[in-house]
Amino acid sequence: MDYTATASIYSQKLQEKEFKRIQEFMLKNLGVKLAPIKIVMVNSRLIKRLKATGIYTFPEYIEYALSAVGKRSGEQQCMIDELTTHKTEFFRENEQFDFLKEVVLPEFTNNRNSLFKIWSAGCSTGEEALTMAMIFENYKTTHLGFNYNIEATDVSKGVVDKAVLGVYGGANILGLDEKLRKRYFEPLKNGNASMVQASKVLRDRIKYSVSNLAAHYTYPNSMFDVVFCRNTLIYFEDNAKREVVNKLINKIKPGGYLFVGLSETVSQYSKDIKQMRPSVYKKIG
Ligand SMILES: C[S@@+](CC[C@H](N)C(=O)[O-])C[C@H]1O[C@@H](n2cnc3c(N)ncnc32)[C@H](O)[C@@H]1O
């Protein structure tokens, strides 16, 4: 693309009419609410897609991305990847992992002798699921019969593809305990020396897939002992949030747990859960 074409794409301004089409699409398909102020963010993120597709204007791009052809070509997925927020980190909101270690796991091993099943719903690039795997690997060393299974899903194919590779910038693991860094991360072979890859032991324990929480048919088949859906529902419109919370609860075994982000509260959406800690709920039954 020559200089004039690139400059013309970068100077595009998303109009309210097109923004409203995006808002409607995100709400109807993902349950995600884009407040009017997000027009600036949508404008800048979609300019990258104009550039990647070589389409010069927003009206043409949006027509294409939202069409059946755009869906088949994968452009609709690329647009979703751009418009969702993926911020995450290892051991994020660590007090919840403490609760998992100190309360949930002992309770599980005292009462059951089966496979511990956990779901990271809205897993982003995999840091949450890998944190779980590190905790479970450690727990296994002192509880020999313990075994587990992690499902991790996200609506964005871009982040799921990254999670499957398990490759991170070295800076992303600096906050981790040195023992964990040494045991579970290795410098990326044949690649950028500043990158690390999560060990195969952890990666092999996690089954990643692309799944939309607003579309029930894409939910995992299993029932879970624990579901983490953290910092994901905050982007949802209230009715969609209520629906998703209830669908998540239906996937939890009686006596199992739902974890949401520390700034989130979901007790108002269901009588089937009891709050145990801020943002930690136990399914009644
Ligand atoms: C901010 S990240 C949270 C990651 C992780 N759970 C954490 O707390 O660090 C939110 C994730 O939710 C995903 N997401 C948004 N809408 C979704 C939907 N309808 N179905 C599944 N995932 C969705 C986004 O793609 C994003 O990766």
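Here is a short report on the structure shown in this document. Quick caveat, the model's predicted, so the values are computed rather than measured. (Residues numbered from 1 in each chain as written. Predicted model: local features only at pLDDT ≥ 70, side-chain atom pairs only at ≥ 80, totals over all residues. Heavy atoms only, no water.)

**A short note on the layout of surface pockets**
Keep this limit in mind: Each cavity reported here is a set of points on a 1 Å grid over the protein atoms alone in which a 1.4 Å probe fits but cannot get out, each pocket an open set with protein on both sides within 12 Å along at least five of seven lines, and each lining residue one with an atom within 4 Å of a point. Grid points are joined across faces, edges and corners, and a volume is the space filled by probe spheres set on the points. Residues are grouped as follows: Ala, Val, Leu, Ile, Met, Phe, Trp, Tyr, Cys and Pro are nonpolar; Asp, Glu, Lys and Arg are charged; every other residue, Gly included, is polar. Throughout, the edges of the domains are those of an automatic or database domain assignment. Only runs of H or I of at least four residues qualify as helices and only runs of E of at least two qualify as strands under DSSP, and these elements are numbered from the N terminus.
Put simply, the largest pocket is a space of about 540 Å³. As for the largest pocket, its lining consists of 31 residues, of which T84, T85, N231, T232 and Y235 are closest to the centre. Across the lining of the largest pocket, the residue classes tally to 13 nonpolar, 10 polar and 8 charged. Counting the residues that make up the lining of the largest pocket, at least three belong to each of domain 1 (3–83) and domain 2 (94–166 + 199–283). The volume enclosed by the second largest pocket comes to roughly 390 Å³. Taken together, 16 residues make up the lining of the second largest pocket; nearest its centre are K71, Q76, I80, N212 and Y217. At the level of secondary structure, the elements contributing two or more residues to the lining of the second largest pocket comprise α2 (16–30) and α6 (75–83).

**Section: unusual backbone geometry**
For clarity, the threshold we go by: For every residue, the accessible area obtained with a 1.4 Å probe (protein chains only) is divided by the maximum for its type, and the residue is called buried under 20%, exposed over 50%, and partly exposed between those limits.
In the Ramachandran plot, F91 falls in the positive-phi region, its phi being about 50° despite a non-glycine side chain. The residue F91 is located in the loop between α6 and α7 (94–111) in this model. Of the residues examined, F91 reaches a relative accessible area of 18% and is grouped as buried. Phi at S279 takes a positive value of approximately 70°, unusual for a residue other than glycine. Positionally, S279 belongs in the loop between β9 (273–277) and β10 (280–283).

**Here's the deal with helix α4 (residues 58–65)**
For an α-helix, 3.6 residues make a turn, and residues three or four places apart therefore share a direction. Under the convention used in this document: By definition, the arc is the one covered by directions from the helix axis to the C-beta atoms.
Those residues of α4 that fall on the buried side of the exposure criterion are F58, Y61, I62 and A65. On an axial view of α4, the arc spanned by its buried residues comes to 95°, and they lie on one face.

**Concerning the sheet that holds strand β7 (residues 224–229)**
Quick note on the threshold: A pair of strands counts as paired when DSSP detects no fewer than two bridges linking them. Every angle, taken between N-to-C directions, lies between 0 and 180 degrees, and every axis is a line fitted to C-alpha atoms, over only the stretch in contact when it is a helix. In what follows, a contact means two residues having at least one pair of non-hydrogen atoms within 4.5 Å.
An order of β6-β2-β1-β7-β8-β10-β9 is seen for the 7 strands of this open sheet, with the pairing classed as mixed. Here the strands that pair on one side only, and so sit at the sheet edges, are β6 (206–210) and β9. Across this sheet, the average inter-strand angle for adjacent strands is 20°, counted without regard to direction. Judged from the 4 bridges that link them, β9 and β10 form a sheet pairing that is antiparallel. Bridge pairing in β10 links Q275 to Y281. Running at roughly 175° to strand β2 (residues 148–154), helix α8 (residues 127–142) makes contact with β1 (116–121), β2, β6 and β7 of the sheet.

**Focus on the packing of α2 against α4**
Put simply, the test is: Here is the rule for angles: anything less than 35 degrees is roughly parallel, anything more than 145 is roughly antiparallel, 65 through 115 is roughly perpendicular, and the remaining ranges are oblique. Should the near helix be turned anticlockwise from the far one by less than a right angle, the crossing is left-handed, and should it be turned clockwise, the crossing is right-handed.
The geometry of α2 relative to α4 is characterised by a closest axis approach of 10 Å and an angle of 20° between their N-to-C directions. When the axes of α2 and α4 are compared, the pair comes out roughly parallel. In the packing of α2 onto α4, the handedness of the crossing is left-handed. Here E18, R21 and I22 of α2 come into contact with α4, specifically with F58, P59, I62 and E63.

**So, the nonpolar core**
Convention followed: Here, nonpolar core means buried Ala, Val, Leu, Ile, Met, Phe, Trp, Tyr and Cys residues that are tied together by side-chain atoms lying within 4.5 Å of each other.
Within the largest apolar cluster, 44 residues are counted, with the highest numbers of intra-cluster contacts made by I22, V42, L213, L248, L258 and V266. For this core, the secondary structure elements donating two or more residues are α2, α3 (39–53), α4, α6, β1, β7, α12 (238–250) and β8 (252–260). Those residues in contact with L213, other than ones at most four positions away along the chain, are W119, A121, Y219, C229, T232, F236, V244, K247 and L248. Core analysis: the next-biggest nonpolar cluster, separate from the first, contains 41 residues, F90, V104, A129 and Y168 among them.

**Some thoughts on the site of the ligand**
Keep this limit in mind: If even one non-hydrogen atom of a residue comes within 4 Å of a molecule or strand, that residue is called near it. Here a polar contact is recorded for every N or O atom pair within 3.5 Å, except that within protein the pair must consist of a potential hydrogen donor and a potential acceptor, and residues adjacent in sequence are included only if both atoms are side-chain atoms. Method for areas: the Shrake-Rupley scheme with a 1.4 Å probe, in which residue coverage is limited to the protein chains shown. Cavity and pocket membership follows a simple rule, namely that a molecule belongs there if more than half of its atoms are within 2 Å of the grid points.
If you check the shell around the ligand, you find 21 residues, and the closest are T88, G122, D154, L213 and N231. D154 has a polar side-chain atom sitting 2.6 Å from an oxygen atom of the ligand. Contact with the protein chains hides 99% of the accessible area of the ligand, taken as 600 Å² for the molecule alone. With respect to the pocket detection grid, the ligand is positioned in the largest pocket. When the residues that make up the shell around the ligand are grouped by side-chain class, the tally is 5 nonpolar, 11 polar and 5 charged.

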